[in-house]
Amino acid sequence: MWDRKHFLSIYDLTADDAKKLVERGIALKEDHHAGRLQPLLEGKSMAMVFRKPSLRTRMSFEMGMIGLGGHALYVSDEEIKLGRREAVCDVSRVVSRYVDVIMIRTFAQTEVEDLAKYASVPVINALTDLYHPCQVMGDIMTVVEHKGRIDGLKVAFLGDGNNVVNSWINAATKFDFKFVLGTAKGYEPDPMVLERGKADGAKVEIVYDAHEAARDADVLYTDVWASMGAEAEAEERKATFKPFQVNDELLAAAKPDAIVLHCLPAHRGDEITDSVMDSDQSVVYDEAENRMHIQRAVTLELLGK
Ligand code: CP
Ligand code: NVA
């Protein structure tokens, strides 16, 4: 069992924690499909606070709780207006009185950290501008499921050096894979995350050519070119990232048995083509499903179950 109080960043995990989470996610998936999930969260509840839209995160957390006998309560920011109608510290203290765990999706990572600071229950980061840790733990579970391992593989990410990339760099300090980002100048990942990752021995490389990034990769990964909050830059980014589109030609540069991941939502025709999304090498729907299993693992560990 963990001694972690919160799940704010993959960087906070030990390598052993990270490996065990993946193993537990895989075991929970087997139990789920065999109809033998135990009601380990009976009587437990989760508040899900969203300041940005969501399909997967909301549904996977909510169904994740329900499947384990617990309850999840969706709270839109329209109601609580976190930090505007009420200070984060007060929201945190009040919500902690009602539920056993808080999940939050918001803009600033500091907001999640503040919420955790004042909470008397565990807090889970369900995406910030800086990180998307639940996503990348689910992604690693998906790679292990399809490739049998993550260690020793080459993961190539094409596109913006965003929150998902930052979480992959954090993951590269816990697992032994090579992470190559193919991006445009000016769209590199967070410098602190990159420097800290490299100092911790993460095998991370940034290249400015899509083919160079994709060459001999075991995993090709892409994400939207304009993340939530950067919509105003969408047109400019579309032009900049065009050479980084994951299409049949780029896929051919990867290993013949490479798998393709995308955290979704996808903008088909922009960062990924229909033919790659719908190809046999695409595992994007397994990846989406695995969010539920890995988040169950995270929630159970946080609640000491
Ligand atoms: N991948 C992901 O987090 O999807 P949503 O934004 O739909 O939750
Ligand atoms: N980088 C994307 C991920 C969406 C799940 C965003 O932040 O919008």
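What you see is a predicted model; the values in this text were computed from it and never measured. (Residues numbered from 1 in each chain as written. Chains lettered and ligands numbered in written order. Predicted model: local features only at pLDDT ≥ 70, side-chain atom pairs only at ≥ 80, totals over all residues. Heavy atoms only, no water.)

**Student:** Mind laying out the pattern of salt bridges, listing which residues take part and the relevant values?
**Tutor:** Inspection of every chain in the model, using the stated rule, returns 21 salt bridges. Across the pair Asp-218 and Lys-255 runs a salt bridge whose closest N-O atoms are separated by 3.0 Å. Placement of Asp-218 in the loop between helix 9 (210-214) and strand 8 (219-222) and of Lys-255 in the loop between helix 11 (248-253) and strand 9 (259-262) is noted, with a sequence separation of 37 residues between them. For Asp-218, a relative accessible area of 7% corresponds to the buried category. Under the relative-accessibility criterion, Lys-255 is labelled partly exposed at 32%. (Salt bridge = Lys/Arg side-chain N within 4 Å of Asp/Glu carboxyl O. Helix = DSSP H or I, 4+ residues; strand = E, 2+ residues; numbered from the N terminus. Buried < 20%, exposed > 50% of the residue type's maximum accessible area, 1.4 Å probe, protein only.)

**Student:** Give me the lowdown on the sheet that holds strand 8, citing residues and values where you can.
**Tutor:** One open sheet holds the five strands; their spatial order is 7-6-5-8-9, and the pairing between them is parallel. Either end of the sheet is taken by a strand with one partner, and the two such strands are strand 7 (203-207) and strand 9. For this sheet the average axis-to-axis angle between neighbouring strands, irrespective of direction, equals 20 degrees. Bridge count between strand 6 (residues 178-182) and strand 7: five bridges; the pairing is parallel. Note on strand 7: the bridge partner recorded for Lys-178 is Lys-203. (Pairing = 2+ DSSP bridges. Axes fitted to C-alpha atoms, helices over the stretch in contact; angles between N-to-C directions.)

**Student:** How would you summarise the environment of Asp-218 if you had to cite specific residues and measurements?
**Tutor:** Sequence spacing of Asp-218 and Val-143 is 75 residues, and the spatial spacing of their C-alpha atoms is 9.3 Å. The contacts of Asp-218, once residues within four sequence positions are left out, are Lys-147, Leu-153, Lys-154, Lys-255, Ala-258 and Ile-259. There is a polar contact of 3.0 Å between the side chain of Asp-218 and the side chain of Lys-255. (Contact = heavy atoms within 4.5 Å. Polar contact = N/O pair within 3.5 Å; in protein donor to acceptor, adjacent residues only side chain to side chain.)

**Student:** Quick rundown of the sheet that holds strand 3 (residues 101-105)? Include the residues and the values.
**Tutor:** If you trace the four strands from one edge of the open sheet to the other, you get 2-1-3-4, paired in parallel fashion. Sheet topology places strand 2 (71-76) and strand 4 (123-125) at the edges, where each strand pairs with a single neighbour. For this sheet the average axis-to-axis angle between neighbouring strands, irrespective of direction, equals 20 degrees. Bridge count between strand 1 (residues 45-50) and strand 3: five bridges; the pairing is parallel. Within the sheet, the bridge partner assigned to Val-49 lies in strand 3 and is Ile-104. Helix-sheet contacts for helix 5 (residues 109-118) involve strand 3 and strand 4, and the interaxial angle to strand 4 is about 165 degrees.

**Student:** If you had to explain the packing of helix 1 (residues 15-34) against helix 13 (residues 284-302) to someone new, which residues and values would you point to?
**Tutor:** To characterise two packed helices, one gives the angle between the axes of the helices and the distance between these axes. The geometry of helix 1 relative to helix 13 is characterised by a closest axis approach of 8 Å and an angle of 115 degrees between their N-to-C directions. The way helix 1 lies across helix 13 gives a crossing that is right-handed. Residues Leu-21, Val-22, Arg-24, Gly-25, Leu-28, Lys-29, His-32 and His-33 of helix 1 form the contact with helix 13, whose participating residues are Glu-289, Asn-290, Met-292, His-293, Ile-294, Arg-296, Ala-297, Val-298, Leu-300 and Glu-301. The residue makeup of the contact of helix 1 with helix 13, split by class, is eight nonpolar, five polar and five charged. (Left-handed = near helix turned anticlockwise from the far one by under 90°. Nonpolar A, V, L, I, M, F, W, Y, C, P; charged D, E, K, R; others polar.)

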